[in-house]
Amino acid sequence: MATATLTPQPVPMATESEYKPFQSAPTILEEVKAQQERLRERLAGALINPPPGTSADSLPTVPLIDIGPSFDGNLASRQAVAAQIRQACVTTGFFQITNHGVLEQARAGVLEQAARFFHELSEDQKQALHIRNSPLFRGYEPHDATFVNTDDQNGVQKETKEGFNWGYERDLDPTGGDGKYVELDGTSPQTTGLGNLWPSSEDLPGFYEKISDYYGQVLQLARHLFRLFALSLDLEEDYFDASTTHPGGIARLLYYPGQPAPENESSEAALEAASKLGLGAHTDYECFTILLSSSNPGLEILFPPSPATDNRPIWRPCPVVPGSFTINVADFFQRWTNGLYKSTIHRVVSKPGTGERYSVPFFFSINYDSDVLPLPERCVGKSRFLPLKAGEYVLERLRATQLLEATT
């Protein structure tokens, strides 16, 4: 059992600018309301373009980390990669990885299945898989079925994305799992008969096989990354292993229609005005996200305030790096690390002339029935959050968001 030997560092505590202080451990509903308030505050003051005269080198970007050395069997190599991950997580919560071990054939195969799903299935075939048919929000998600930012429901722009969602299945797990998988509410798919909604093999031959190949490889990558996250927090390398034997792993195929290029030369402001909201501003829910994207840009990150941006948050495009994955910390892990690791606001914008875009986010969580106890104080300080089960957190976030929709 390997233990990290990272140089001890002071534990930065969550500041008022990041989180509203609570007199006691907040309830999930209080957390959701505070998160939505923070989202509104950041969006209200966000810059779209940098201040005049700002050099490109002074603006924030997403670090690129070669995680190849973490597979060489050497603890020192894994610790060196973990140190880079820590630096990214305590600043912006976003980084990109190369030499991750997921085969190009699997990556290309799942993007091909995304194109097939959204373009080859008829409307009736997609509607038969509609998320309204699943209490777990699995299946086909039309562009107007959901809003990741509840404030967008009354906005002028509607999200243009279409999605297809599925979750962990034992048959998708290369390890075979431990047979104990439960859903967010603690129920077993074997008992309820509820689970993923898949297109038939007659409608999309080979679809499930390609999805399974990709999902299995990314699931194993997620487990590997969690060991690096453990090292980055100065924990024993296997600290999270027992909590990822039947993990939460929601994945999506997302399609963003292309936007026509302008007929005449247009100003930057005109292009911005003609852009379409693909996916609203939000943070993710689980521990971390592994994102695969096609070559067209669209993902934008709301970087924290800095002197270079007049101490205002700024939207910046996420670099397009062929063969890489984009990783971001999600709310659950931010909560678990007591605010040390940052879950950062992001969105997808489709700009004129950029063409259609496909992406495959994989939202990784620990076993939904795991008891989530505070991490050691030496790593993250004294926790300000209530212990609970992992599935309870995500489920209550969804329920609280629905309540928030009715009261705001």
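Now for a look at the structure at hand.

Reading the values: rules and limits
- Residues numbered from 1 in each chain as written.
- Predicted model: local features only at pLDDT ≥ 70, side-chain atom pairs only at ≥ 80, totals over all residues.
- Heavy atoms only, no water.
- Helix = DSSP H or I, 4+ residues; strand = E, 2+ residues; numbered from the N terminus.
- Buried < 20%, exposed > 50% of the residue type's maximum accessible area, 1.4 Å probe, protein only.
- Contact = heavy atoms within 4.5 Å.
- Areas by Shrake-Rupley, 256 points an atom, 1.4 Å probe, with all protein chains shown as cover.
- Pairing = 2+ DSSP bridges.
- Axes fitted to C-alpha atoms, helices over the stretch in contact; angles between N-to-C directions.
- Parallel < 35°, antiparallel > 145°, perpendicular 65-115°, else oblique.
- Polar contact = N/O pair within 3.5 Å; in protein donor to acceptor, adjacent residues only side chain to side chain.
- Expected span 1.5 Å × (residues − 1).
- Left-handed = near helix turned anticlockwise from the far one by under 90°.
- Nonpolar A, V, L, I, M, F, W, Y, C, P; charged D, E, K, R; others polar.

### Looking at the overall build of the protein chain
- If you tally the helices and strands in the protein chain, you get 10 helices and 14 strands.
- Looking at the protein chain residue by residue over its 408 residues, the buried ones come to 52%.
- A fraction of 82% describes how many contacts in the protein chain between residues 6 or more apart in sequence connect residues 24 or more apart.
- Just so you have it, the protein chain exposes about 17800 Å², and 52% of that area is on carbon and sulfur atoms.

### Description of the sheet that holds strand β6 (residues 276–282)
- Here we have four strands laid out as an open sheet, ordered β6-β11-β8-β9, and antiparallel in their pairing. Each edge of the open sheet is held by one strand with a lone partner, namely β6 and β9 (314–317). Between one strand and the next, the sheet's axes are offset by a mean angle of 25 degrees, whatever the strand orientation.
- Direction of pairing for β6 relative to strand β11 (residues 346–350): antiparallel, over a ladder of four bridges.

### As for the packing of helix α2 (residues 75–91) against helix α6 (residues 207–232)
- Contact pair α2 / α6: the axes reach a minimum separation of 8 Å and the direction vectors enclose 80 degrees. Taken as axis vectors, α2 and α6 run roughly perpendicular relative to one another. Here α2 contributes Leu75, Arg78, Gln79, Val81, Ala82, Ile85, Arg86 and Cys89 to the contact with α6, which in turn contributes Leu228, Phe229, Leu231 and Ser232.

### Here's the deal with the side chain of His100
- For His100, the position within the fold is in the loop between β2 (94–98) and α3 (104–120).
- Of the residues examined, His100 reaches a relative accessible area of 5% and is grouped as buried.
- Within polar-contact distance, the side chain of His100 engages the backbone nitrogen of Val102 at 3.1 Å.

### Considerations on the sheet that holds strand β4 (residues 162–166)
- A sheet is described by the order of its strands in space; here eight strands give the open sequence β1-β2-β10-β7-β12-β5-β4-β3, paired in mixed fashion. The open sheet is flanked by β1 (64–66) and β3 (139–141), the only strands paired with a single partner. Here the average twist between neighbouring strands, direction ignored, is 25 degrees.
- In the packing of α6 onto the sheet, contacts are made with β2, β4, β5 (247–256), β7 (288–293), β10 (325–329) and β12 (357–367), and the angle to β12 comes to roughly 55 degrees.

### Structural notes on the side chain of Ser359
- Mapped onto the fold, Ser359 is located in strand β12.
- Other than its neighbours up to four places away in sequence, Ser359 contacts Arg252, Leu253, Leu254, Tyr256, Leu291, Leu292 and Ser293.

### Some thoughts on α2
- In this model, α2 (17 residues) spans 25 Å end to end at C-alpha, consistent with the 24 Å of a helix rising 1.5 Å per residue.
- If you follow the buried residues of α2, they end up packed against β1, β2, α6 and β10.
- Here α2 starts with a cap whose side-chain oxygen sits 2.8 Å from the backbone nitrogen of Ala76, and that cap is Asn74.
- Just past α2, the residue Gly93 takes up positive phi, approximately 80 degrees.

### Regarding the environment of Glu377
- Along the polypeptide, Glu377 turns up in helix α9 (residues 377–380).
- Sequence spacing of Glu377 and Thr337 is 40 residues, and the spatial spacing of their C-alpha atoms is 9.7 Å.

### Some words on the packing of α3 against α6
- Two elements in contact, α3 and α6, have axes whose closest approach is 9 Å; the angle formed by their N-to-C orientations is 135 degrees. The orientation of α3 relative to α6 falls into the category oblique. Relative to α6, α3 is oriented so that their crossing is left-handed. Here Ala106, Arg107, Gly109, Val110, Glu112, Gln113, Arg116 and Phe117 of α3 come into contact with α6, specifically with Phe207, Lys210, Ile211, Asp213, Tyr214 and Gln217.
- Among the residues making up the contact of α3 with α6, the classes are represented as six nonpolar, three polar and five charged.

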